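These are the residues of each chain, in order.
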Amino acid sequence: MSRLIFLGVPGAGKGTQALILSESQCIPHISTGDILRAAVKKQTALGLQAKGFMDAGNLVPDSLVIDMIRERLQEPDALKGWILDGFPRTLEQAEFLEKLLQEINQACDRTVNLDVEDEIVIKRLVERGKESGRSDDTEATIRHRLQVYRDLTEPLISFYQSRKLLVTVNGDQSMDAVTADLKTAIGPV
Ligand code: AMP
């Protein structure tokens, strides 16, 4: 059983690696970005509230994602483990998650920091934008998302370091090499 949090700049490969690990470990891959994009597509109340923030490359308000995660982590499939991809992204979210996990008698095993330089992720994301048509994968929005990451999400690295949960993996390698390093870094949890 594993409970893992993936940190890293947009385009670091969190989604790809989280999917690979979630399949090999038979635990759900929970991506707040995917849940939000599905809500935008369906035009739910959540989606309508989130769309403008997402298109601009800003974070959606903490209260929206916090409610989403509170519900998602209590679904039956998440009782045996999970990989969180894209959550938490602010200190407030991290503090909420810590409290929620205590309440539901769970604990995070590891937080993985997938490390890739900005110029490399910018190239990757511009390519992804051309292929997927994601409205937030344009160069100007990507640069803004990286700045948002520095300002709001990067402080979580020391938050998890101080809780002795952080491992760092070099994300600037082939997909298979990253997966192998991840498995070593996570160890038998
Ligand atoms: P992602 O697919 O993880 O890159 O997320 C895409 C967008 O969804 C982000 O740029 C934010 O606008 C929004 N989003 C995803 N996760 C969160 C979160 N934990 N907190 C706030 N906004 C989020």
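Before reading further, recall that the structure is shown in the block above.
Here the structure is a predicted model, which is why all the values come from computation and not from measurement.

## Looking at the overall build of the protein
A count of helices and strands for the protein gives nine helices and five strands. The C-alpha radius of gyration of the protein comes to 16 Å, within 12% of the 16 Å expected for a compact globule of 189 residues. Across the 189 residues in the protein, those meeting the buried criterion constitute 45%. Taken as two groups, the 23 positive and 28 negative side-chain charges of the protein have centres that lie 2 Å from each other.

## Section: the environment of L166
Here L166 is to be found in strand 5 (residues 166–170). Separated by 125 residues in the primary sequence, L166 and K41 have C-alpha atoms spaced 34 Å apart. If sequence neighbours within four positions are ignored, L166 has contacts with L7, T111, N113, I157, Y160 and Q161.

## Concerning the site of the ligand
Residues in contact with the ligand amount to 16 residues; listed here are only the nearest, T32, R37, N58, G86 and Q93. T32 is positioned such that a nitrogen or oxygen atom in its side chain is 2.8 Å from a nitrogen atom of the ligand. Side-chain polar atom of R89 to a nitrogen atom of the ligand: 3.0 Å apart, as the coordinates give it. In the complex, the protein chains occlude 95% of the 480 Å² of accessible area that the ligand would expose alone. Per-element tally for the shell around the ligand: the top contributor is helix 2 (residues 32–42), with four residues. In terms of residue class, the shell around the ligand is made up of six nonpolar, five polar and five charged.

What counts and what doesn't
Residues numbered from 1 in each chain as written. Predicted model: local features only at pLDDT ≥ 70, side-chain atom pairs only at ≥ 80, totals over all residues. Heavy atoms only, no water. Helix = DSSP H or I, 4+ residues; strand = E, 2+ residues; numbered from the N terminus. Rg over C-alpha atoms; globule rule 2.2 N^0.38 Å. Buried < 20%, exposed > 50% of the residue type's maximum accessible area, 1.4 Å probe, protein only. Lys, Arg positive; Asp, Glu negative; His and termini not counted. Charge placed at Lys NZ, Arg CZ, Asp CG, Glu CD. Contact = heavy atoms within 4.5 Å. Near = heavy atom within 4 Å. Polar contact = N/O pair within 3.5 Å; in protein donor to acceptor, adjacent residues only side chain to side chain. Areas by Shrake-Rupley, 256 points an atom, 1.4 Å probe, with all protein chains shown as cover. Nonpolar A, V, L, I, M, F, W, Y, C, P; charged D, E, K, R; others polar.

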